[in-house]
Amino acid sequence: NLLYQDASYFDNPAHAPGKLITRLASDAPNIKAVVDARMLQVIYALSAIVACIVIAFIYCWQVAILGTSLILLLAFVMIGLAYKISIMNIEQIKNDEAGRIAIEIIENVKTIQLLTRCDMFFDHYETASKQQKRSELKKGMIEAINYSITQSFMYFMMCFTYAVGIRVIYQGDKSSDDTFKGIIAMMLGAVAVMNSAQYFPEFVKAKTAAGMLFNIIYRKPRTGDLMEGDRPEIRGNILFENVKFSYPQRPLQPIMKGLQW
């Protein structure tokens, strides 16, 4: 699909060859990273959570309501963190200059050496790399917060469910046997959350990469589909009359005015 795009697409600095090559080299592996056993682990965890909630409601609905509320609260927190990381990923992709500079240096290495500009390009690449590093550190902090919350979630679940379960048994609303079964069910649901939450960074990265990749795949060129339309046989001379042209990024600065040829 990139080969079918119009010339104005590549005139945009956001679609520089270096950035497009970086996207093709990184997006597909990021998507592939989650379409394996990690996806099965997440599906297993979601199924286990649903089953545990149903079992808890059967034996002790008081404990089940509290445990379900905690799981929903954790889900909202994870969705918020995922949204924040997605925004940071998109910004990082837009500002990814390190990959573009590296590819352009390799393509023009002889010219750079002849002009003795190696140090200048090295400084540009080092500055862009440090900017990427700072962005990655910010994402790492958010992912660390998510990891600490999810991996300690079982202990929060244990604390709250036992507190409610003791009161339920004390008031005689449920037997100790049924209450304990409801607590164990919610504890197993918390374990499922812990086992699947470790893949959170990969899934967030894959979501962003998939959006960028499919945006490239489904983009329609402004000039239309070259495989459709008429293909007339052209014979004779070609005449240009009063041709005007300006680059899409600088529409107010025409390059040609009234070209006659």
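- Under an unreviewed UniProt entry, the protein chain has the name PGP-14 and belongs to Caenorhabditis sinica.
- UniProt lists a comment for the protein chain under the heading Subcellular location (unreviewed entry), and it reads "Membrane".

**Some points on the environment of N30**
- Its place among the elements puts N30 in helix α2 (residues 17-32).
- The partly exposed category is assigned to N30, whose relative accessible area is 22%.
- Residues N30 and T161, spaced 131 residues apart in sequence, show a C-alpha to C-alpha distance of 38 Å.
- What N30 contacts, discounting residues up to four positions off in sequence, is K205, A206 and A209.

**Describing the packing of aromatic side chains**
- Applying the stated criterion to the full structure yields one aromatic pair.
- Ring geometry for F214 versus Y218: centroids 5.8 Å apart, planes at 15°, classification stacked.
- Since its relative accessible area comes to 41%, F214 is described here as partly exposed.

**Quick notes on the UniProt feature "transmembrane region" (unreviewed entry) in the protein chain**
- Using the residue numbers shown here, the UniProt feature "transmembrane region" (unreviewed entry) corresponds to residues 42-59, 65-85, 144-170 and 182-200.
- Helix makes up 100% of residues 65-85 and strand makes up 0%, while its end C-alpha atoms are separated by 30 Å.
- Along residues 144-170 one finds 96% helix and 0% strand; the C-alpha atoms at either end are 39 Å apart.

**Here's the deal with the nonpolar core**
- I49, I71, F153, M157, M186 and F200 are the most contacted members of the largest nonpolar core, which totals 32 residues.
- Contributions of two or more residues to this core are made by α3 (37-59), α4 (61-94), α8 (153-171), α9 (176-197) and α10 (200-217).
- Looking at which domains feed residues into this core, each of domain 1 (1-60 + 175-222 + 238-260) and domain 2 (68-173) gives three or more.
- Sequence-distant contacts of I71, that is, excluding residues within four places in its chain, are made with I49, I53, F153, M157 and M186.

**Some points on the packing of α4 against α9**
- Contact geometry of α4 with α9 gives a least axis separation of 9 Å together with a crossing angle of 15°. When the interaxial angle is binned, α4 and α9 end up roughly parallel. Crossing of α4 over α9 shows right-handed handedness. Residues V63, A64, G67, T68, I71, L74 and M78 of α4 touch α9, and the partners they reach there are T179, G182, I183, M186, V193 and A197.

**Describing the pattern of salt bridges**
- Within the structure shown, the criterion is met by three salt bridges.
- Salt-bridge contacts for K139 lead to E136; the nearest nitrogen and oxygen are separated by 3.5 Å. You can see K139 and its partner E136 sitting in helix α7 (residues 118-151), three residues apart, about one turn around the helix.
- By relative accessible area, which is 40% here, E136 ends up partly exposed.

**Quick word on the side chain of S135**
- Residue position: S135 is located in helix α7.
- Here S135 is in contact with M88 and Q92, once residues within four sequence places are set aside.

**Describing the state of the cysteines**
- Counting across every chain of the model gives zero disulfides.
- C52 supplies the cysteine sulfur nearest to C60, a cysteine that is in no disulfide, at a spacing of 15 Å.
- The exposure class of C60 is buried, given its relative accessible area of 0%.
- Left unpaired, C159 is separated from the closest cysteine sulfur, that of C60, by 16 Å.

Rules used throughout
Residues numbered from 1 in each chain as written. Predicted model: local features only at pLDDT ≥ 70, side-chain atom pairs only at ≥ 80, totals over all residues. Heavy atoms only, no water. UniProt positions renumbered as here; feature names shortened; annotations may be inferred. Helix = DSSP H or I, 4+ residues; strand = E, 2+ residues; numbered from the N terminus. Buried < 20%, exposed > 50% of the residue type's maximum accessible area, 1.4 Å probe, protein only. Contact = heavy atoms within 4.5 Å. Phe/Tyr/Trp six-rings, centres within 6.5 Å; stacked < 30°, edge-to-face > 60°. Core = buried A, V, L, I, M, F, W, Y, C linked by side-chain atoms within 4.5 Å. Domains from an automatic or database assignment. Axes fitted to C-alpha atoms, helices over the stretch in contact; angles between N-to-C directions. Parallel < 35°, antiparallel > 145°, perpendicular 65-115°, else oblique. Left-handed = near helix turned anticlockwise from the far one by under 90°. Salt bridge = Lys/Arg side-chain N within 4 Å of Asp/Glu carboxyl O. Disulfide = S-S within 2.5 Å.

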